Amino acid sequence: MKSNRLLFLLPLLTLCAMAVFFGWALLSGRDPASIGSVMVGRPAPKLEGVELGGGKPKLVNFFASWCAPCLAEHPLFTRLKEREGTAIVGIAWKDKPEATRAWLAKLGDPFKQLLFDQEGKTALDWGLSGVPETYLIDGQGIVRLHFRGPITEQDLKERILPLLKSGS
Amino acid sequence: MRLLLALALALLALPALAPAAQAVEPSEMLPDPALEARARDIGRNLRCVVCQNQSIDDSAAEVAHDMRRAVRDRLSAGDGDTQVYAFMVARYGDYVLLKPPFKPGTLVLWLGAPVLLLVAGGALLVAARRRRAASTPQPLSDEEQRRLDALLKRDA
Amino acid sequence: MVPELGQYALILALAVALVQGTLPLVGAAKGDVRLMALGRTAALTQALLVILAFGALTQAYVTSDFSVANVVANSHSAKPLIYKLSGVWGNHEGSMLLWALILALFGAAVAIFGTNLPDSLRARVLAIQALIGVGFLAFLLFTSNPFERVFPAPPDGNGLNPLLQDPGLAFHPPLLYLGYVGFSVTYAFAIAALLEGRVDVAWARWVRPWTLAAWCFLTLGIALGSWWAYYILGWGGFWFWDPVENASLMPWLAGTALLHSAIVVEKRDALKSWTVLLAVLAFSLSLLGTFLVRSGVLTSVHAFAQDPARGMFILGFLLLVTGGGLALYAWRAPKIESGGLYQPISREGALILNNLLLCTLAATVLLGTLYPLFLDLLTGTKVSVGPPFFNATFVPISLALFAALCVGPYLGWKRAELWPALVRLRAAFAVAVIAAIVASVAIDGRATLAALCLGFGVWLIAGSLLEFAGRLRRSRLGTMPRAAIGMTIAHTALGVVVLGAVATAAWHLELIQTMKPGDSVKFAGFEISLKQVQSLNGPNYVAERAILAVASDGGPYTTLTPERRLFTVQKRQVAETSIHTNIVRDLYAALGEGDAEKGWTIRLYYNPLAPLIWLGAALCALGGFVSLSDRRLRIGAPKRSRGVPQPAE
């Protein structure tokens, strides 16, 4: 009976479907631990004393003086401030203010505004899971990009600069 | 008897099966036991976003601590359980729920196995009934009955 | 020198496995006795060679030979000897070598003990075993070589993950692998049967002991892992539905279904294609587990080093083994002739239901484990599937299984009536209901899901013992078949596990407090005081230890000494909990952070019936071993006749 035959093929077909997914997962180079951000495409959460969406795009960067990858990405922010004049809001997460200021004094301060989030409440509102994390907010106050971990040259060239330049 | 009394005094009279929590610190716990119990229930169902498959109650990570505190803050402010979950989902997405929501995207997840069971069980029952029908002999047609009678009369 | 010997031994083993995997198959197809006998010699040789290789790696660890990269990455000269030994398999390469070793040993066992098998079947089984071995040995040699040297040799190693430096965890992998690899033998039997085009009573008789052995070891391995998690992770949980735990549960579920399904083939010559499929699936799920743990597609606290390249290799291997098996099944299984007829309400029907429910459970676990991955790939949406999901889906189906479990043995073969069977169980039903009511009234004061589940546990125990009592009236213990005794033990043990799991999960007591030396608290009817917190040095760690004096009404009862250890090499902290058990409950203490000024965080747990979880699991495995010792399985396995089914027992 033909339907019977199909039944016997079912396990094999299921396996093939699963194998396709597994192969895809392995080849896509995805990181199972990265969860992206649910904020992208939505209006940015409020930040005290900061105007988001006033017509000009802004970067919001969560960092800390004790965070090594933050050190790695710092020059890129400096470059953004000096070459593009980008407004970057820096938020020090779980960091002593003296330590933050000392760190910025030593490396240079790329931030237009500096906030402190010692308790982590602001970070929670932004769906943070650690530092560094960076968000790009467009002129209307919508979150357009999210970076978990330090930003790279490639991120800058391919994703951040184009959006900043289009000035949306 | 003392055993039963002790158990009866339990703070946690849980309607479902649930483990204890490793990372909740005494300093985090709310003074109101009923509220704290709710916080623990909720905490058990929220995922620590920087850990490998742990709930926020079981994780010692900073973010987990912050999330536990946020849950308790919201409960103390009078939020209901649903609102606390919504608060977390608004910030971290459905990923933060250890019990996946029942949505079109998760229908296969929730219903896949039971549906499989019903379909397989049903198919087997149908097959069994068909087999039984096939093995009971068909009644003879009139033509065959006449031929049989003729044969029997001849042999008699 | 010795590591090189090990490597050469592996290469030789690969060559032997290639021979073993091809020539006996040809011999079986052609009826060439010499080629078939070659399988036996090759299996023994392969085992010897892999033993040599394993011995070489062990020697490198025991002598702390830091010119071997694997030893550097996972060992340290200050480590105690037992953990140097268990460190051999406490890493990816070493554990793969352990897989290959057990695979070769099982092959040798089939060669030595499978004398009652017909030549062609044994040759085919050994050949399939060898082909699987080729996969693992190739994987070892080409992607995960444990014998790679490092030059210059560093002065010391990186040490073993502190979590793994524990006796419980030392034996967990070997037991698990004995289970996984044991299923490779049943897989080989299934493929051989499909190749021969014949699945009959004799085949089921031969397959049963190997399946039982694998299943027993897997049960013990899972139980040991669960127990270890309980006492080391510090909060009384024993099952977390972590992907790697699920990866071991799935083959166990399939293996249990296989065990029971094979009974029907043996007794009634029916359910043959189910059984063959389950045999293929049990081993496939073991391989799937290996893939999930080592490829990096899923996050897990357990996972070994993630490496997509290794992942592709394992995936390819999985496809070959499982795909090949299932393709062969799709081609040949329809031709397998089915034997006895039966009604839906019958012992056969009950065992089919058993199959269905166990497979549904396995499917639930599989779906829950893989769904986040699939959804993420397809739609980019991230969801989490955690314990709440599994509790909601796994538990109800398990309860259905438990309900049916006690009824099955009362149904006769071919055709039976349901109501008379239920009537015979009425005493067990009554006891279970009473237990559930008592539990809900005495503990919570209201009806709860937990009390219901407890009732099911009591039902399992009472029903199995009732059935056994009935048997005792008909035949004496000495003449009763061991398989029947084993069944009673295993089913009762399952009830014991359920009791323990339900009680601990639902009705544990917990107290988390900051205490200073001199403070005391009342907890679970005891008075617990913190006497002092000492600092001490271990062989490769420094620790803080809290001395907690536990007193009851009658005076001092016991002392709990939880510790927090800081392993100096890896800079990791591990909690050593302190547990006092009296079989009926665990009194459990864990030490958190703290200092002399602010005090220390002390966590106290009272876990009722917790020890029953692991005692029950051990008892379950014991039931399996008792069944295994049934002499009918070893001598008197029938000579193959022309497909005439054996009379039902």
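Note that the structure is predicted; figures quoted are calculated from it, not measured. (Residues numbered from 1 in each chain as written. Chains lettered and ligands numbered in written order. Predicted model: local features only at pLDDT ≥ 70, side-chain atom pairs only at ≥ 80, totals over all residues.)

1. Observations concerning the overall build of chain C
Next, step 1: In terms of regular secondary structure, chain C is built from 19 helices and 10 strands.
Next, step 2: Here the C-alpha atoms of chain C give a radius of gyration of 26 Å, agreeing with the 26 Å that 2.2 N^0.38 yields for 649 residues.
Next, step 3: Principal axes of the C-alpha set define a box for chain C whose edges measure 80 × 75 × 55 Å.
Next, step 4: Residue burial in chain C is summarised as follows: out of 649 residues, 58% are buried.
Next, step 5: For chain C, the share of sequence-separated contacts (at least 6 apart) that also reach a separation of at least 24 residues comes to 74%. (Helix = DSSP H or I, 4+ residues; strand = E, 2+ residues; numbered from the N terminus. Rg over C-alpha atoms; globule rule 2.2 N^0.38 Å. Buried ≥ 20, exposed ≤ 12 C-beta atoms within 10 Å, placed from the backbone. Contact = placed C-beta atoms within 7 Å.)

2. Re the nonpolar core
All names here are of chain C.
Next, step 1: The biggest cluster of nonpolar side chains holds 273 residues, and the ones touching the most others in it are A100, F189 and L454.
Next, step 2: Residue contributions to this core peak at 22 residues, all from helix α8 (residues 201–232).
Next, step 3: If near-sequence neighbours (up to four positions away) are discounted, A100 is found in contact with V50, G133, F136, L137 and L140.
Next, step 4: The next biggest cluster of nonpolar side chains, apart from the first, holds 25 residues, and it includes M515, Y541, A575 and A590. (Core = buried A, V, L, I, M, F, W, Y, C linked by C-beta atoms within 7 Å.)

3. Overview of the sheet that holds strand β1 (residues 58–63) of chain A
Residue and element names in this part refer to chain A.
Next, step 1: One open sheet accounts for 5 strands, arranged β3-β2-β1-β4-β5; its pairing is mixed. Here the strands that pair on one side only, and so sit at the sheet edges, are β3 (113–117) and β5 (143–148). The average undirected angle you get between the axes of adjacent strands in this sheet is 15°.
Next, step 2: As paired strands, strand β4 (residues 133–137) and β5 are joined by 5 bridges and run antiparallel to one another. When the sheet's bridge partners are listed, I137 is paired in β5 with V143.
Next, step 3: Against the sheet, helix α5 (residues 153–166) contacts β4 and β5, and its axis sits at roughly 155° relative to β5. (Pairing = 2+ DSSP bridges. Axes fitted to C-alpha atoms, helices over the stretch in contact; angles between N-to-C directions.)

4. A few points about helix α6 (residues 142–155) of chain B
Next, step 1: Between its terminal C-alpha atoms α6 of chain B stretches 20 Å, which fits the 20 Å expected from 14 residues at 1.5 Å a residue.
Next, step 2: Among the 14 residues in α6 of chain B, 0 count as buried, and that is only a small part of the element. (Expected span 1.5 Å × (residues − 1).)

5. What to know about the domain arrangement of chain C
Residue and element names in this part refer to chain C.
Next, step 1: Here chain C is partitioned into domain 1 (1–152), domain 2 (166–182 + 190–406), domain 3 (407–507) and domain 4 (509–610).
Next, step 2: Taking only C-alpha atoms, the centre of domain 3 and the centre of domain 4 are 38 Å apart.
Next, step 3: In this assembly, 5 residues from domain 3 lie in contact with 4 residues from domain 4.
Next, step 4: Of the residues in the side of domain 3 that touches domain 4, the class split is 3 nonpolar, 2 polar and no charged. (Domains from an automatic or database assignment. Nonpolar A, V, L, I, M, F, W, Y, C, P; charged D, E, K, R; others polar.)

6. Some points on unusual backbone geometry
Next, step 1: Residue P132 of chain A is reached from V131 of chain A by a cis peptide bond, and omega for that bond is 0°.
Next, step 2: Within the secondary structure, P132 of chain A sits in the loop between α4 (121–125) and β4.
Next, step 3: With an omega dihedral of 0°, the bond running from F151 of chain C to P152 of chain C counts as a cis peptide bond.
Next, step 4: Tracing the sequence through the fold places P152 of chain C in the loop between α6 (119–143) and α7 (167–196).
Next, step 5: Positioned with a positive phi, A524 of chain C is a non-glycine residue whose angle comes to about 50°.
Next, step 6: Topologically, A524 of chain C is positioned in the loop between β2 (520–523) and β3 (526–537).
Next, step 7: One non-glycine residue, I583 of chain C, lies in positive phi territory at about 75°.

7. Comments concerning the domain arrangement of chain A
Next, step 1: When its domains are assigned, chain A resolves into domain 1 (1–30) and domain 2 (58–166).
Next, step 2: Centre-to-centre separation of domain 1 of chain A and domain 2 of chain A, based on C-alpha positions: 44 Å.

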